[in-house]
Amino acid sequence: MIAIGSDHGGYDLKQSVMEWLDEQKIQYKDFGTFDRNSVDYADIAEPVANAVASGEYEKGILICGTGIGISISANKVKGIRAACCSDCYSAEMTRRHNDANILCFGGRVVGPGLAQKMVELFLKTEFEGGRHARRIAKIADIESRQK
Ligand code: RB5
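Cut-off values and rules
Residues numbered from 1 in each chain as written. Predicted model: local features only at pLDDT ≥ 70, side-chain atom pairs only at ≥ 80, totals over all residues. Heavy atoms only, no water. Helix = DSSP H or I, 4+ residues; strand = E, 2+ residues; numbered from the N terminus. Expected span 1.5 Å × (residues − 1). Buried < 20%, exposed > 50% of the residue type's maximum accessible area, 1.4 Å probe, protein only. Arc of directions from axis to C-beta. Phe/Tyr/Trp six-rings, centres within 6.5 Å; stacked < 30°, edge-to-face > 60°. Lys NZ or Arg CZ within 6 Å of the ring centre and 35° of its normal. Near = heavy atom within 4 Å. Polar contact = N/O pair within 3.5 Å; in protein donor to acceptor, adjacent residues only side chain to side chain. Areas by Shrake-Rupley, 256 points an atom, 1.4 Å probe, with all protein chains shown as cover. Nonpolar A, V, L, I, M, F, W, Y, C, P; charged D, E, K, R; others polar. Contact = heavy atoms within 4.5 Å. Pairing = 2+ DSSP bridges. Axes fitted to C-alpha atoms, helices over the stretch in contact; angles between N-to-C directions.

K.L.:
Give me helix α2 (residues 41–53): which residues, what numbers.
P.N.:
Taking 1.5 Å per residue as the helical rise, α2 with its 13 residues ought to reach 18 Å, and the 18 Å between its terminal C-alpha atoms agrees with that figure. Residues Ile44, Ala45, Val48, Ala49, Ala51 and Val52 constitute the buried set of α2. Looking straight down α2, one finds its buried side chains confined to an arc of 160°; they lie on one side. Two residues or fewer after α2 comes glycine 55, characterised by a positive phi angle close to 90°.

See the structure below:
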């Protein structure tokens, strides 16, 4: 199950991504926003990030105008590795090497075709583990040292 959310800047692209998820019969929950009215991306990022960090949802997709504000916000939640991507190579490699659990992108940056391909790669690519697991553990160590 996928958790998906956007602010107003990502609203239209989120609708298009959800259409594609429907076609693929991939289950998701839409955490909003539910129209084009202006909202603050942190208010969407937090519930999606919590839903993924708790293990209730397997992965997340977050979209704002650039993908940046919403990814910075999501990464404040312990256990979240949110990657802001605008190319297929990064969307695949952030799964293989970073075990990213949320994919972020910008509705004012990428088009629907590229977004769909990035989501497809992000959802189907496995984490490679090995030396990358050691590096992921060091990210968790940084979190644990924060007061
Ligand atoms: C909203 O206008 C815009 O700032 C937001 O969607 C995002 O791009 C911020 O990083």
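K.L.:
I'd like a rundown of the packing of aromatic side chains, residues and numbers included.
P.N.:
Under the criterion given, the structure shown has 1 aromatic pair. When the ring of phenylalanine 31 is compared with that of tyrosine 57, the centres are 5.6 Å apart and the planes differ by 75°; the resulting orientation is edge-to-face. Taken together, the residues span a long stretch of sequence, with phenylalanine 31 in the loop between β2 (28–30) and α2 and tyrosine 57 in the loop between α2 and β3 (59–64) at a distance of 26 residues. Its relative accessible area of 19% is what places phenylalanine 31 among the buried residues. Across from the ring centre of phenylalanine 34, 5.5 Å away, lies the NZ or CZ of lysine 14, which sits over that ring. Directly above the aromatic system of phenylalanine 31 lies the positively charged group of lysine 29, at a separation of 4.7 Å from the ring centroid.

K.L.:
Give a description of the site of the ligand that names residues and reports values.
P.N.:
By nearness alone, every residue bordering the ligand is listed as Asp7, His8, Tyr41, Cys64, Gly65, Thr66, Gly69 and Arg108. Contacts to the ligand include aspartate 7, whose side-chain N or O atom sits 2.6 Å from an oxygen atom. Separating an oxygen atom of the ligand from a backbone N or O atom of threonine 66 is a distance of 2.9 Å. For the ligand, the accessible surface in isolation is 300 Å², of which the surrounding protein chains cover 71%. By residue class, the composition of the shell around the ligand is 2 nonpolar, 4 polar and 2 charged.

K.L.:
Just give me the short version of the side chain of lysine 14, but keep the residues and values in it.
P.N.:
Positionally, lysine 14 belongs in helix α1 (residues 11–23). A relative accessible area of 0% places lysine 14 in the buried class. Apart from residues lying up to four places away in sequence, lysine 14 is in contact with Ile4, Gly5, Ser6, Asp30, Gly32, Thr33 and Ile63.

K.L.:
Residue-level account of the sheet that holds β3, with values.
P.N.:
Strand order in the open sheet formed by 5 strands is β2-β1-β3-β5-β4, and the pairing between neighbours is parallel. A single partner strand is all that each edge strand has here, and the edge strands are β2 and β4 (82–84). Within this sheet the neighbouring strands show an average axis-to-axis angle of 20°, counted without direction. As paired elements, strand β1 (residues 2–6) and β3 share 5 bridges and run parallel to each other. Paired with serine 6 across the two strands is isoleucine 63, which belongs to β3. Where α1 meets the sheet, it contacts β1, β2, β3 and β5 (102–106), and its direction lies at approximately 155° from that of β1.

Distances and angles like these do not, on their own, reveal function.
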